[in-house]
Amino acid sequence: MGKFLVRRLLNYVVLIFLATSFAYLLAATNLYPRGYFEQMQPPPPPEAVDSQLDALNLNDRTPLAQRYATWIGGVVTGDFGRTVQGGDVTSQMWTKAGVTLRLITVATILGSALGIAVGAYAAVRQYRRFDKAATAVSFFVLSVPTVVIAIVVQVLAVTLNDGLGLQLLRYSGEYSAGFDGAWWELLGNRIHHAILPTLVLAVALFASFARYQRNMMLDVLGSDFVRTAMAKGLTRRRALFRHALRTALIPTVTYFTFTFGALVSGATFTEKIYGWHGMGAWLIDSIARQDVHVVAAVSWFMAITIMAASFLSDILYAWLDPRVRV
Amino acid sequence: MSTTEESTAPVKAPAVPPAPNRLKDITRQLLGTRRVIVGLVLLAVLAALAFTGPLLTSWDVGGRDFSSMLEGPSPEHWMGTNRTGQDIFTQATAGLQKSLLIGLLVAVASTGAAAAVGAFAGYFGGVADKGLMWTADLALVLPNFVILAILSKHFAGQGGWIVLAILLAAFSWMVTSKMVRGLTVSLREREYVHAARFMGVPPHRIILRHILPNMSSLLIADATIMVSAAVIGETALSYFGLGVQSPDISLGMVIAEGSSFATTAPWVFAFPTALLIVMVLAVNMVGDGLRDALDPCSKSRRRGEHHEH
């Protein structure tokens, strides 16, 4: 088991390295940071632009290999270079990563737990009213892009606030600017702002998990060992929880890895629409700003999260399926 | 040797009972499912709308009517106009056309790639298998969003949407290819595949003739799901101006333009969004019904459950 995990980890490191390098090379060849400086008002002299670009290691007249070598040398020591505005990418990244991770983690836990519970229960009550309602809802939600869900929820929040005449729901920003108070007030303020974006992400995740878990659970419920478990005198609840649900969770855990990439990009849109300063919003802004180093850093972060999710699902898998534990 | 010679001779074929026609079975079953019928009808209506809609109105796709900007539905503009006086109905239906085409193109390309890669890896095993599956892992980790965003800007202009479709396909084959590989590994050891191999049938022929047809149900169902995934992906990218670029128009772009008016001028946002949701819903309905009709496991499960209750 240990050896297996070490091999896995090594493979992950190689994959992350390749993905990040690829993103850097693509961004360095296709983005045009020179344009960012040239369009300044008043236009700076070309020498000034060159020296600026040189200082940032973004000069497109330096050979690509040399720029890449400088950049990767920094990355190895934990320095992701500078933004086009001269800020330190690494320190900015950690603040923004915190924002995104908070959003993703809470939404994942909420959405998947709810989805698994609803899906499993729907399978137990197959073709009853609950099952039909759950299937219809998840089917409909799956047909609506996250972007549209985010916008519609925002519009509804605006309408509700206008109707009530007070700020019941917050739909913009991560916290109120200039808000000051004790720590619990700050926390409350943040939670208040987090409700809608988390809800948007969780809803999309809920739908796919509910559908998948229902199908997996149906497969398991028909199998012999569940019948045996009930026949040997276990209560229905115990048989369903200990035997059926546990087995039906195994493929869902694998499925989680595959949906995680979609979740990360879904978070991008949600952040951008709700004005959160997370990784996704940073990425979209930095593409517009021709910011090569930020694009590479965000790519690194996304690769890391996807790999972490995959690693996590490996561990969960081993925990759920005794056959994997060696 | 002699048997083969005999069979090639023009002997009158003995009367064999007609082979069970799977296609007929499936068609009957599909037409018996309400979901599939509703989905197909919706899709047909949408396709008709997408290809005739822009011609029905007297407005051009990019044309502006400066006498009415941001006005609600009227006999002149069936679904109203946007801020710059463009006709929403014309724009949305033209966008729908592109979105449908992108969805179909991505589905065909990515399912084709998944089938080829998965079958090749599963059939040959060894280094080829390791290499291809590692490539799939790499493609899963690559920041597809970054790549799509950067390259779609690069290829902006006429025909840019085809590049976008190819790129979307390039990042959606991995999971299916892993499933195809798993199935191929088990099919490879079947007797008829062994027989074909010992008769000297070349590998590509075995894969095309004996292995892939056996998983057609998975592939068809997957292709349907891919249509909706591609349309949703395209919408999301276009919403941020990173997908389909300006001379081309897609549903995502129309929705993006309308979204800032969602509260003040709902028609700008509501109509294209409704079109998109109905379209994805229809595709999902067909896909879901197809999977039930084609997958023997899910069928037996349904039947079994019926008996139990």
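To be clear, the structure that these remarks concern was listed above.
Description of the structure in this document. Note that the structure is a prediction, hence the values are computed from the model and not measured. (Residues numbered from 1 in each chain as written. Chains lettered and ligands numbered in written order. Predicted model: local features only at pLDDT ≥ 70, side-chain atom pairs only at ≥ 80, totals over all residues. Heavy atoms only, no water.)

A short note on the overall build of chain A
When its secondary structure is counted, chain A shows 12 helices and 0 strands. Along the first, second and third principal axes, the C-alpha atoms of chain A reach 85 × 60 × 40 Å. When burial is assessed residue by residue, chain A has 50% of its 326 residues classed as buried. Sequence-distant contacts in chain A: of pairs separated by 6 or more residues, those separated by 24 or more amount to 71%. Summed over all atoms, the accessible surface of chain A reaches about 15,900 Å², with 66% contributed by carbon and sulfur. (Helix = DSSP H or I, 4+ residues; strand = E, 2+ residues; numbered from the N terminus. Buried < 20%, exposed > 50% of the residue type's maximum accessible area, 1.4 Å probe, protein only. Contact = heavy atoms within 4.5 Å. Areas by Shrake-Rupley, 256 points an atom, 1.4 Å probe, with all protein chains shown as cover.)

Considering the overall build of chain B
Per the secondary structure count, chain B includes 14 helices and 0 strands. For chain B, the N- to C-terminal ordering of α and β elements is α-α-α-α-α-α-α-α-α-α-α-α-α-α. Burial status across chain B gives 49% buried among its 309 residues. Of all intrachain contacts in chain B linking residues separated by at least 6 positions in sequence, the fraction that spans at least 24 positions is 71%. Total accessible area computed for chain B in this model is approximately 15,200 Å², and 67% of it derives from carbon and sulfur atoms.

Points about the packing of helix α4 (residues 88-124) of chain B against helix α8 (residues 174-188) of chain B
All names here are of chain B. Between α4 and α8, the least distance of the axes is 7 Å, while the angle of their chain directions is 40 degrees. Taken together, α4 and α8 sit at an angle that is classed as oblique. Judged by the sense of rotation from one axis to the other, the crossing of α4 with α8 is right-handed. Listed contacts from α8 to A114, A115, V117, G118, A119, A121, G122, Y123 and F124 of α4 are T176, S177, V180, R181, T184, V185 and R188. Residue classes in the contact of α4 with α8 are distributed as 9 nonpolar, 5 polar and 2 charged. (Axes fitted to C-alpha atoms, helices over the stretch in contact; angles between N-to-C directions. Parallel < 35°, antiparallel > 145°, perpendicular 65-115°, else oblique. Left-handed = near helix turned anticlockwise from the far one by under 90°. Nonpolar A, V, L, I, M, F, W, Y, C, P; charged D, E, K, R; others polar.)

Here we look at the environment of Y36 of chain A
All names here are of chain A. Mapped onto the elements, Y36 comes out in helix α2 (residues 33-38). Each C-alpha atom of the pair Y36 and S299 lies 21 Å from the other, and the pair is 263 residues apart in sequence. Leaving out residues up to four positions away in the same chain, Y36 has contacts with V84, Q85 and R289.

Some remarks on the interface of chain A and chain B
Many authors give the size of an interface as the accessible area that is lost as the parts come together. Taken together, the 43 residues of chain A in the interface contact 38 residues of chain B. With both chains or domains summed, chain A and chain B bury close to 3,800 Å², and 78% of this area falls on carbon and sulfur atoms. Three residues, Y127, F139 and S143 of chain A, lead the burial of chain A against chain B; their summed loss comes to 14% of the area buried on that side. Counting across the interface, chain A meets chain B through 2 residue pairs in polar contact (both at pLDDT 80 or more). Taken together, the elements giving at least two residues each to the side of chain A that touches chain B come down to α1 (2-30), α6 (129-142), α7 (146-164), α8 (183-221), α10 (236-273), α11 (279-288) and α12 (292-320) of chain A. Looking at the side of chain A that touches chain B, the element that brings in the most residues is α1 of chain A, giving 10 residues. Class assignment of the residues belonging to the side of chain A that touches chain B gives a composition of 32 nonpolar, 7 polar and 4 charged. (Buried area = accessible area lost by both parts, 1.4 Å probe. Polar contact = N/O pair within 3.5 Å; in protein donor to acceptor, adjacent residues only side chain to side chain.)

Notes on the packing of aromatic side chains
Residue and element names in this part refer to chain A. According to the stated counting rule, one finds 11 aromatic pairs over all chains in the structure shown. For the pair Y121 and F130, a centre-to-centre distance of 4.8 Å together with 75 degrees between the ring planes defines the contact as edge-to-face. We classify Y121 as partly exposed; its relative accessible area is 41%. Relative accessible area serves as the criterion here: at 35%, F130 is assigned to the partly exposed category. Feature note: the residues Y24, Y68 and W71 constitute an aromatic cluster, connected by ring pairs. (Phe/Tyr/Trp six-rings, centres within 6.5 Å; stacked < 30°, edge-to-face > 60°.)

Thoughts on a positive patch on the surface
Together, K232, R238, R242 and R246 of chain A make up a region of like positive charge exposed at the surface. Residue R246 of chain A is classed as partly exposed on the basis of its relative accessible area, which comes to 31%. (Patch = residues over 30% accessible without salt bridge, like charges linked within 9 Å, V, L, I, M, F, W, Y side chains within 5 Å. Salt bridge = Lys/Arg side-chain N within 4 Å of Asp/Glu carboxyl O. Lys, Arg positive; Asp, Glu negative; His and termini not counted. Charge placed at Lys NZ, Arg CZ, Asp CG, Glu CD.)

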